[in-house]
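Architecture and fold: a report
The primary structure of each chain is shown beneath.
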Amino acid sequence: MKRWLMVFALCVASTAGLASEINEAATAADPVAEKRLQGLSEELRCLVCQNQTIADSNAELAVDLRREIRGLIRAGKSDAEIIDFMVARYGDFVLYRPPVKGITLLLWGGPLALLVVGLIALQRYLRRRAARLADEAPLSADDARRADALLKESDDK
């Protein structure tokens, strides 16, 4: 019984991959649609990987998004309509280069703000350290003699 269940599971799993390959091959047969798909896929971010476009990602969601785009291309939608559909569904984050507006300002200005804050913190630290070192008085002659005596004593042991 378990053997038949495993065979059934393998058959079901292999048909899902075959269906995806058939869909890919159907689009590849239309070079214009494939070129549009490639261009659109490079403009959209993989929501799972986040640092890859859906063209570069092999995540299941990226495959699903490419399949969705293929369907929209076959339905006769323009590139702008497809991008608008994806943004309406997933928000500006789906765009690999989100537009500069109030809600995405942190995405664009965040790295620069962190750099400025880091430089200011470093500058303050270095100034405090320099002031602390300047405040320390050098050893007096008596203290220097005592330090030398202690060093000689430790060398003799």
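The coordinates are above.
An account of the accompanying structure is given in this report. Note that the structure is predicted; figures quoted are calculated from it, not measured. (Residues numbered from 1 in each chain as written. Predicted model: local features only at pLDDT ≥ 70, side-chain atom pairs only at ≥ 80, totals over all residues. Heavy atoms only, no water.)

**Quick notes on a nonpolar patch on the surface**
Together, Leu112, Leu115, Val116, Leu119, Ile120, Leu122, Tyr125 and Leu126 give the surface a local cluster of nonpolar side chains, amounting to about 780 Å² of exposed area. Structurally, leucine 115 can be placed in helix 5 (residues 105-135). (Patch = residues over 30% accessible without salt bridge, like charges linked within 9 Å, V, L, I, M, F, W, Y side chains within 5 Å. Areas by Shrake-Rupley, 256 points an atom, 1.4 Å probe, with all protein chains shown as cover. Salt bridge = Lys/Arg side-chain N within 4 Å of Asp/Glu carboxyl O. Helix = DSSP H or I, 4+ residues; strand = E, 2+ residues; numbered from the N terminus.)

**Observations concerning the nonpolar core**
Leu40, Leu44, Ile54, Ile69, Ile73, Ile82 and Met86 are the most contacted members of the largest nonpolar core, which has 17 residues in total. Listed by contribution, the elements that provide at least two residues to this core are helix 2 (31-41), helix 3 (60-74) and helix 4 (79-90). Examining the composition of this core, we find that 5 residues originate from one element, helix 3, more than from any other. Ignoring any residue separated from it by four or fewer positions in sequence, one finds isoleucine 69 in contact with Leu37, Leu40, Leu44, Ile54, Ile82 and Met86. (Core = buried A, V, L, I, M, F, W, Y, C linked by side-chain atoms within 4.5 Å. Buried < 20%, exposed > 50% of the residue type's maximum accessible area, 1.4 Å probe, protein only. Contact = heavy atoms within 4.5 Å.)

**What to know about the environment of isoleucine 73**
Mapping isoleucine 73 onto the fold places it in helix 3. On the basis of relative accessibility, which here comes to 11%, the residue isoleucine 73 falls in the buried class. Sequence separation of isoleucine 73 and glutamate 34 is 39 residues, and the distance between their C-alpha atoms is 9.4 Å. Once you skip the residues sitting within four places of it in the chain, isoleucine 73 turns out to touch Ala33, Arg36, Leu37, Leu40 and Ile82.

**Observations regarding helix 5**
A rise of 1.5 Å per residue sets the reference length of helix 5, with its 31 residues, at 45 Å; its end C-alpha atoms lie 44 Å apart and thus fit the reference within 8%. Largest kink in helix 5: about 30 degrees, centred on proline 111. (Expected span 1.5 Å × (residues − 1). Bend = angle between axes of the 7 residues up to and from the residue.)

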